[in-house]
Amino acid sequence: MDFSKSDRIQKRFHDVIPGGSHTYAKGDDQYPEFILPYIAKGEGCHVWDLNGNEFIEFGMGLRSVTLGHAYKPVVDAAYRQMLLGNTFNRPAAIELECAEQVLGMIQGAEMVKFGKNGSDATSASVRLSRAYTGRDMVAICANHPFFSVDDWFIGSTPMSAGIPKAIQELTVKYQYNDIGSIKSLFQQYHEKIACVILEPEKEQEPKNDFLQEVKKICHENGAVFILDEMITGFRWHNGGAQSFYGVIPDLSTFGKAMANGFSVSALLGKKEIMKLGGLGHDKERVFVMSYTYGAENHGLSAALETMKIYEREPVVETLWRQGESLAKGIRMSIDENKLADFIPIMGRPCCLVYGTRDNDKNPSQPFRTLLLQETMKRGILAPSLVVSYSHTDADIDRTIEVFHEAFHIYRKALDEGIEKYLVGRPVKPVWRRFN
Ligand SMILES: Cc1ncc(COP(=O)(O)O)c(C=O)c1O
């Protein structure tokens, strides 16, 4: 593959954009050193870089693109709305239509407010919980990698530079599926914790009614129970993972899949809490998600169309089915190459990820880089194995074929030494204090 056109502009990217990317997860340090394509266009689950190299993409748009790139019905809906004007001094009718649509799908939620990024919604959920309970502390799940770009969360990561200690100390952590770790927090910080936030599920499934138990403990201790459905929403189920698991949170947050890659997020929840952000109550007013572009009309039109497609077409069903086929084929190849101890395939079929381990069976960034290198060289762009509605049987078959070839090289690298096969420096995790 020829990456000359991308290589030529790489320095310009770094000259004007810190890190050469507007989002850390897309950065050069996340990909092999000499395979750093810049994307020219996408269609369905395929993308083309500046040199015209074609890739089948997985986890598209950081898991926001569930239907497909440039998905025509969604693009048309957004365009139709743009022709009517995009932002006015008073709410546009589409704001109500979109609000009613999402509330019709997420059972148990009574009110909604829209924003642009997931962080708008998660940070608003934390502020509302603090105002509602009159408490300052926030309990987050230690096993979940990302909740918000704002201080209450980033302060708890290794990239906490610039965040006051006083803020950092207000966020505490517990372990997923370990109800005891949440109980201990409530004991240690008695009547200080405003809310408990978590993703309903990542690689581990909830055990022993974990989600229901978290909700119970929150309520026994006067805290707000928040489910962050940024990734699970419209992927596990049309009603979110909360519907899949039959647990109604006090507040929940959506984004990503909600508008097939258009910038729309939402905070949903019980009226009793949400109304603090509104008019007509006698409590102190809470500033909740108010942005110039919070309800940008073309985004809402895209969201409305996307959600209607989820309702009328077997999108979620297809994500699960295609993920299942992919997992089956890839696991067979892993077994054939005797890599079961080195490449775990994790997560639900609709949201698969892979691990990469070295000879000692420890998680390995060099081996992750090798797998990315060998799959990208063959036209697969797969930082994860998260499928979309656009992944056809042919795409899945081709991906299995490519991974099979890459696994063969992985096996040889384990046996003969990775230096022989890895070209360039290894990738690095986003969460690190220094470069
Ligand atoms: C679970 C979860 N919550 C919140 C966010 C923040 O969303 P955004 O990047 O749109 O602000 C993300 C982003 O990846 C996420 O994965």
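Above: the structure in question.
Described in the following lines is the structure provided in the data block. Along each chain, residues carry numbers from 1 onward, in the same order as the chain's sequence is written. The predicted origin of the model limits local features to residues at a pLDDT of at least 70 and limits the giving and counting of side-chain atom pairs to 80 or more, whereas totals for whole chains, interfaces and linings rest on all residues. Here the side-chain values reflect all heavy atoms present in the structure, with hydrogen atoms and water set aside.

### Comments concerning the packing of helix α8 (residues 179–188) against helix α9 (residues 210–220)
Here is step 1: Inter-axis angles, ranging from 0 to 180 degrees, are taken between N-to-C directions of lines fitted to C-alpha atoms, where helices are fitted over the stretch in contact. Working definition: helices are DSSP H or I runs of at least four residues, strands are E runs of at least two. Numbering for both runs from the N terminus. Orientation of α8 relative to α9, taken along the N-to-C sense of each, is 10 degrees, at an axis distance of 10 Å. Relative to α9, α8 is oriented roughly parallel. Contacts between α8 and α9 involve Ile-179, Ile-182, Lys-183 and Phe-186 from the first element and Phe-210, Glu-213, Val-214, Ile-217 and Cys-218 from the second.
Here is step 2: The residue classification treats Ala, Val, Leu, Ile, Met, Phe, Trp, Tyr, Cys and Pro as nonpolar and Asp, Glu, Lys and Arg as charged. All others, Gly included, are polar. A breakdown of the residues in the contact of α8 with α9 according to their chemical character gives seven nonpolar, no polar and two charged. Note on terminology: angles under 35 degrees are roughly parallel, angles over 145 are roughly antiparallel, angles of 65 to 115 are roughly perpendicular, and the others are oblique. Here, two residues are considered to be in contact whenever any of their heavy atoms come within 4.5 Å of each other.

### Here we look at a nonpolar patch on the surface
Here is step 1: Like-charged residues are merged into a patch within 9 Å and nonpolar side chains (Val, Leu, Ile, Met, Phe, Trp, Tyr) within 5 Å, provided each residue has over 30% relative accessible area and no salt bridge. Residue burial considers only the protein chains on display, and all accessible areas are found by Shrake-Rupley using a 1.4 Å probe. The term salt bridge refers to a side-chain nitrogen of Lys or Arg lying within 4 Å of a carboxyl oxygen of Asp or Glu. Where nonpolar side chains cluster on the molecular surface, the patch consists of Tyr-79, Met-82 and Leu-83 and spans about 340 Å² of accessible area.
Here is step 2: Mapped onto the fold, Met-82 is located in helix α3 (residues 72–82).

### Comments concerning the site of the ligand
Here is step 1: Any residue with at least one heavy atom within 4 Å of a molecule or strand is counted as near it. Taken together, Asn-117, Gly-118, Ser-119, Phe-146, Phe-147, Glu-199, Asp-228, Met-230, Ile-231 and Lys-256 form the complete shell of residues around the ligand.
Here is step 2: In this structure, an oxygen atom belonging to the ligand sits 2.7 Å away from a main-chain N or O atom of Gly-118.
Here is step 3: Whenever two N or O atoms come within 3.5 Å, that pair is a polar contact, provided that in protein one can donate a hydrogen and the other can accept it, and provided that, for residues adjacent in sequence, both atoms are side-chain atoms. Phe-146 is positioned such that a nitrogen or oxygen atom in its backbone is 3.3 Å from a nitrogen atom of the ligand.
Here is step 4: For the ligand, the protein covers 81% of the area, taking 380 Å² as the surface of the free molecule.
Here is step 5: Partitioning the shell around the ligand into residue classes produces four nonpolar, three polar and three charged.

### Things to note about the environment of Gly-255
Here is step 1: With respect to the element layout, Gly-255 can be found in the loop between β9 (251–254) and β10 (265–269).
Here is step 2: For the pair Gly-255 and Ala-121, spaced 134 residues apart in sequence, the C-alpha separation works out to 8.3 Å.
Here is step 3: Setting aside its immediate chain neighbours within four residues, Gly-255 contacts Met-230, Val-264 and Ser-265.

### Here we look at the nonpolar core
Here is step 1: In this description, a nonpolar core means a group of buried Ala, Val, Leu, Ile, Met, Phe, Trp, Tyr and Cys residues linked to one another through side-chain atoms lying within 4.5 Å. For every residue, the accessible area (1.4 Å probe, protein chains only) is compared with the maximum for its type, and the residue is labelled buried under 20%, exposed over 50%, or partly exposed between those bounds. Ranked by internal contacts, the top residues of the largest apolar core, which has 130 residues, are Phe-114, Leu-198, Phe-234 and Ile-343.
Here is step 2: Looking at this core element by element, the count peaks at ten residues for helix α15 (residues 393–416).
Here is step 3: The residues touching Phe-234, leaving out its near neighbours within four places in the chain, are Val-102, Met-105, Ile-106, Gly-240, Phe-254, Ala-257, Met-258, Met-307, Tyr-310, Val-316 and Leu-319.

### So, the pattern of salt bridges
Here is step 1: This structure, assessed with the given rule, holds 17 salt bridges.
Here is step 2: When the shortest N-O distance is used, the salt bridge between Glu-401 and Arg-398 registers 2.7 Å. Highlighted residues: Glu-401 and Arg-398, both in helix α15, separated by three residues, approximately one helical turn.
Here is step 3: Residue class for Glu-401 comes out partly exposed when judged on its relative accessible area of 43%.

### Comments concerning unusual backbone geometry
Here is step 1: Positive phi outside glycine occurs at Asn-177, with the angle close to 65 degrees.
Here is step 2: Relative to the helices and strands, Asn-177 resides in the loop between β6 (171–174) and α8.

### Observations regarding the packing of aromatic side chains
Here is step 1: Two aromatic rings from Phe, Tyr or Trp, using only the six-membered ring of Trp, form a pair when their centres are within 6.5 Å; if the ring planes differ by under 30 degrees the pair is stacked, by over 60 it is edge-to-face, and anything between is tilted. Under the counting rule described, the total for this entry stands at 14 aromatic pairs.
Here is step 2: An angle of 15 degrees between the planes, with centres 5.8 Å apart, marks the rings of Phe-146 and Trp-431 as stacked. Taken together, the positions of Phe-146 in the loop between β5 (137–141) and α6 (151–154) and Trp-431 in the segment after α15 put the pair 285 residues apart, joining distant regions of the chain.
Here is step 3: With a relative accessible area of 38%, Phe-146 lands in the partly exposed category.
Here is step 4: Note on Trp-431: relative accessible area 26%, which makes it partly exposed.
Here is step 5: Pairwise contacts between aromatic rings join Phe-146, Phe-147, Trp-152, Phe-153 and Trp-431 into one cluster.

### Some points on helix α12 (residues 297–312)
Here is step 1: Taking 1.5 Å per residue, 16 residues should reach 22 Å; α12 reaches 23 Å between its end C-alpha atoms and fits that length.
Here is step 2: Of all 16 residues making up α12, 13 are buried, and the element is well covered by its neighbours. Multiplying one less than the number of residues by 1.5 Å gives the expected span of a helix.

### A word on the sheet that holds strand β3 (residues 54–57)
Here is step 1: The rule for pairing is simple: two strands pair if DSSP sees at least two bridges between them. Across the sheet, which stays open at both edges, the four strands sit in the order β1-β2-β3-β13 with mixed pairing between neighbours. What marks the edges here is a single partner per strand, and that holds for β1 (39–43) and β13 (380–381).
Here is step 2: Relative to strand β2 (residues 46–49), β1 is paired through four bridges, and the arrangement is antiparallel. When the bridges of β2 are listed, Ile-39 appears paired with Asp-49.

### Details of the side chain of His-298
Here is step 1: Within the fold, His-298 resides in helix α12.
Here is step 2: On the accessibility criterion, His-298 (15% relative accessible area) is buried.

### A closer look at the sheet that holds β9
Here is step 1: Overall, mixed pairing links the seven strands, which are arranged β4-β10-β9-β8-β7-β5-β6 in an open sheet. Of all strands in the sheet, those with a lone pairing partner are β4 (111–115) and β6, marking the two edges. Each strand axis lies, on average, 20 degrees off the axis of its neighbour in the sheet, ignoring direction.
Here is step 2: Where β9 meets β10, four bridges bridge the pair, whose relative direction is antiparallel. Considered in β10, the bridge of Ser-252 is made with Leu-268.
Here is step 3: Strands in contact with helix α5 (residues 118–133) are β4, β5, β7 (193–198), β8 (224–228), β9 and β10; relative to β10, the strand with the most contacts, it is inclined by about 30 degrees.

### Comments concerning the packing of helix α14 (residues 365–376) against α15
Here is step 1: Contact geometry of α14 with α15 gives a least axis separation of 9 Å together with a crossing angle of 140 degrees. As summarised for this structure, α14 and α15 are arranged oblique, according to the angle between their axes. Regarding α14 and α15, the two cross each other, and that crossing is right-handed. Across from Phe-367, Leu-370, Leu-371, Glu-374 and Thr-375 in α14, the residues of α15 making contact are Val-402, Phe-403, Ala-406, Phe-407, Ile-409, Tyr-410, Ala-413 and Leu-414. Helix crossings get a hand from a simple test, with the near helix turned counterclockwise from the far one by less than a right angle marking a left-handed crossing and a clockwise turn marking a right-handed one.

Geometry only, nothing functional implied.
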